[in-house]
Amino acid sequence: MKSVASAPGKIILFGEHFVVYGIKAILCSIDKRITATSQFLDEKIVRVSSSLGESEMDLNSLNNLEKIPQKFMKPFFYVAQKAIEENSSEHGIEIILESQIPAGVGLGSSSAACVAVTASVNGLFNKLSKEEVVKRAIQAERTIFEQNSGADSSVSTFGGLMSYDLKNGFQDIPSRNNLNFIISNSAQIHDTQDIVRQVRNFKEKNEDMFRKLCKQEIEIVKNATTALKDNNLNELGSLMLKNQDLLKQIGISTEKIDLLVREAKKTAYGAKITGAGGGGCIISLVDNSNMGDTLDNLRKISDCFLAKIDYNGLTYR
Ligand code: MEV
C-alpha cells in the first residue's frame, strides 16, 4: 500500500521576519508542489530519498535523531518516528519526495515537504485532519529551525490567501483574487535559520529602530488587507515596495536582490523579497498588461517563472 500526499510551496506577500515577533503576515500558497509517497518496508529501517539525497536509519536508532548526517532530513525521520511509536508499528517505512519547488530560495520547500511527509506517513495508519497535520509538521520543522513561526506550514496545509500571526494562527482572507506573480530567483541560496538569527541580532542591537519598523509593517499589512479585498493592484504594488524597504533596513537584501527589484518595478505594480531573503527570490505583482514586459526584463538577469495562488493546500491522492 502506498500513501501519497502533496503540499504547495508559498510566497509571503507581506510581513516575513516581522511575523516571528508577533506581527501579522500575509501569504499564499502557489501552484508548485512537493509530493511525498510512503510505503511500509519489510526491513526495519526508515529510508528517505529526494533529489537532494538519500538517508536511512534503523528503527532502533530513531530516538537519536542527532545522528542523521543530512540535517534537512531530520524532520522527516521525526515524523516517521512519531507515527511508528503512536501506532506501535514494527514495520519500516520508505518515504520518497518529488519536488517542483526550488530549495533554499524562500518558496517554502522545507515546510511543504514537512506537510506532505506528515500527511503521507500518517496516511499509512490513519489519515490525519489538516489541523493535526499542520501541528505535527510545525513540530517536525522545529527540530531543525526552532524559531520558525509556523506561517509557511499553515499556508501549505490549508492553501489560498491567508493572514497568519503567532497568537491567532491562520485566518483565511476571503477573496478569490486572481493575482499573478513573477518569481525571480537570485540563485543565492540561503539558510532560513541563519537569516532569522541575523535579524534577531539586528533587533537586539537596534531595539528602538526595530520597534518603529514593526509599527510600519503593521500599517502596511493593514492597508494591504484592504487593497486585497478591493483588488487594488496599484496600491498592493506600492505597499510591496514599502515592505521591501523595511526588509532592506533589517539587512536581508543583497545587491542582486536590489537589482532584481529595480528592474521589476520599471514595469510591474511592485516587487519585493519573499521569505527569508539574504538572496532567495523576489516576487513581482503583474497582470496581463505588464506580465510580458516584466518577464522579458527579469529573464535577462535571473531565472523566472509565473506563479498563481493555489487554493487546494494539502491533498491526498
Ligand atoms: C520564512 O519563509 C519566513 C520567515 O518569516 C521565518 C518564519 O516565519 O518562520 C523569515
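Criteria and thresholds
- Residues numbered from 1 in each chain as written.
- Predicted model: local features only at pLDDT ≥ 70, side-chain atom pairs only at ≥ 80, totals over all residues.
- Heavy atoms only, no water.
- Helix = DSSP H or I, 4+ residues; strand = E, 2+ residues; numbered from the N terminus.
- Rg over C-alpha atoms; globule rule 2.2 N^0.38 Å.
- Buried < 20%, exposed > 50% of the residue type's maximum accessible area, 1.4 Å probe, protein only.
- Contact = heavy atoms within 4.5 Å.
- Areas by Shrake-Rupley, 256 points an atom, 1.4 Å probe, with all protein chains shown as cover.
- Lys, Arg positive; Asp, Glu negative; His and termini not counted.
- Charge placed at Lys NZ, Arg CZ, Asp CG, Glu CD.
- Salt bridge = Lys/Arg side-chain N within 4 Å of Asp/Glu carboxyl O.
- Near = heavy atom within 4 Å.
- Polar contact = N/O pair within 3.5 Å; in protein donor to acceptor, adjacent residues only side chain to side chain.
- 1 Å grid on protein atoms, 1.4 Å probe; cavity = no way out; pocket = protein on both sides within 12 Å on 5 of 7 lines; lining within 4 Å.
- Sits in = over half its atoms within 2 Å of the grid points.
- Nonpolar A, V, L, I, M, F, W, Y, C, P; charged D, E, K, R; others polar.
- Domains from an automatic or database assignment.
- Pairing = 2+ DSSP bridges.
- Axes fitted to C-alpha atoms, helices over the stretch in contact; angles between N-to-C directions.
- Buried area = accessible area lost by both parts, 1.4 Å probe.

1. Overview of the overall build of the protein
- Tallying secondary structure elements over the protein gives 9 helices and 12 strands in all.
- Taking 317 residues into account, the globule formula puts the C-alpha radius of gyration at 20 Å, and the protein, at 20 Å, falls close to it.
- Here the protein, with 317 residues, has 58% of them falling under the buried criterion.
- Long-range contacts, defined as pairs at least 24 residues apart, comprise 72% of the intrachain contacts of the protein with a sequence gap of at least 6.
- Only carbon and sulfur atoms are counted for the fraction: they give 46% of the accessible area of the protein, which is about 13,700 Å².
- Of the charged side chains in the protein, 38 are positive and 38 negative; the average position of the first set lies 4 Å away from that of the second.

2. Examining the pattern of salt bridges
- Evaluation of the coordinates by the stated rule reveals 14 salt bridges.
- A salt bridge links Lys203 to Glu207, with the shortest nitrogen-to-oxygen separation between them at 3.6 Å.
- We classify Lys203 as buried; its relative accessible area is 18%.
- Here Glu207 falls in the partly exposed class, since its relative accessible area comes to 35%.
- One salt bridge connects Arg211 with Asp208, and the closest N-O pair in it is separated by 3.1 Å. Separated by 3 residues within a single helix, Arg211 and Asp208 lie in helix 6 (residues 207–230), roughly one turn from each other. Across the pair, Asp208 and Arg211 agree in class, each one exposed.
- Each of the salt bridges in this network shares a partner with another, and the network as a whole consists of Glu43, Arg47, Glu56 and Glu94.

3. Quick look at the site of the ligand
- Taken together, the neighbourhood of the ligand is formed by 13 residues, with Lys10, His17, Val19, Ser149 and Asp152 sitting nearest.
- Between His17 and the ligand, the recorded distance is 2.9 Å, taken from a backbone N or O atom to an oxygen atom.
- Taking Ser149, its side chain carries an N or O atom lying 2.6 Å from an oxygen atom of the ligand.
- The site holding the ligand turns out to be the largest pocket.
- Residue composition of the shell around the ligand, grouped by class: 6 nonpolar, 4 polar and 3 charged.
- Counting only domains with at least three residues in the shell around the ligand, you end up with domain 1 (2–177) and domain 2 (180–308).

4. A short note on the pairing of strand 4 (residues 53–58)
- Side chains Gly53, Ser55 and Met57 project from strand 4 onto a buried face, and the interleaved Glu54, Glu56 and Asp58 project onto a face without burial.
- In terms of strand pairing, strand 3 (residues 45–50) meets strand 4 through 6 bridges, oriented antiparallel. In the sheet register, Ile45 faces strand 4, and the bridge partner there is Asp58.

5. As for the sheet that holds strand 8 (residues 180–185)
- An order of 9-10-8-11 is seen for the 4 strands of this open sheet, with the pairing classed as antiparallel. Among the strands making up the open sheet, the edge pair consists of strand 9 (270–274) and strand 11 (303–308). Across the sheet, the mean angle from the axis of one strand to that of its neighbour is 25°, orientation sign disregarded.
- Of the strand pairs in this sheet, strand 9 and strand 10 (residues 281–286) are connected by 5 bridges, and their pairing is antiparallel. Considered in strand 10, the bridge of Ala271 is made with Ser284.
- Each of strand 8, strand 10 and strand 11 is contacted by helix 9 (residues 291–299), which is oriented at about 5° to strand 8, the strand it contacts most.

6. Let's talk about the domain arrangement of the protein
- Here the protein is partitioned into domain 1 (2–177) and domain 2 (180–308).
- Of note, the centres of domain 1 and domain 2, computed from C-alpha atoms alone, are 25 Å apart.
- Listed by partner, the interface residues are 33 residues for domain 1 and 45 residues for domain 2.
- At the boundary of domain 1 with domain 2, total buried surface from both sides reaches about 3,200 Å², with 70% on carbon and sulfur atoms.
- Taken as a group, Phe14, His17 and Phe18 account for 23% of the area that domain 1 buries against domain 2, more than any other trio of residues on that side.

7. Some details on unusual backbone geometry
- The phi dihedral of Ser88 is positive, around 45°, even though this residue is not glycine.
- The residue Ser88 is located in the loop between helix 1 (74–86) and strand 5 (92–99) in this model.

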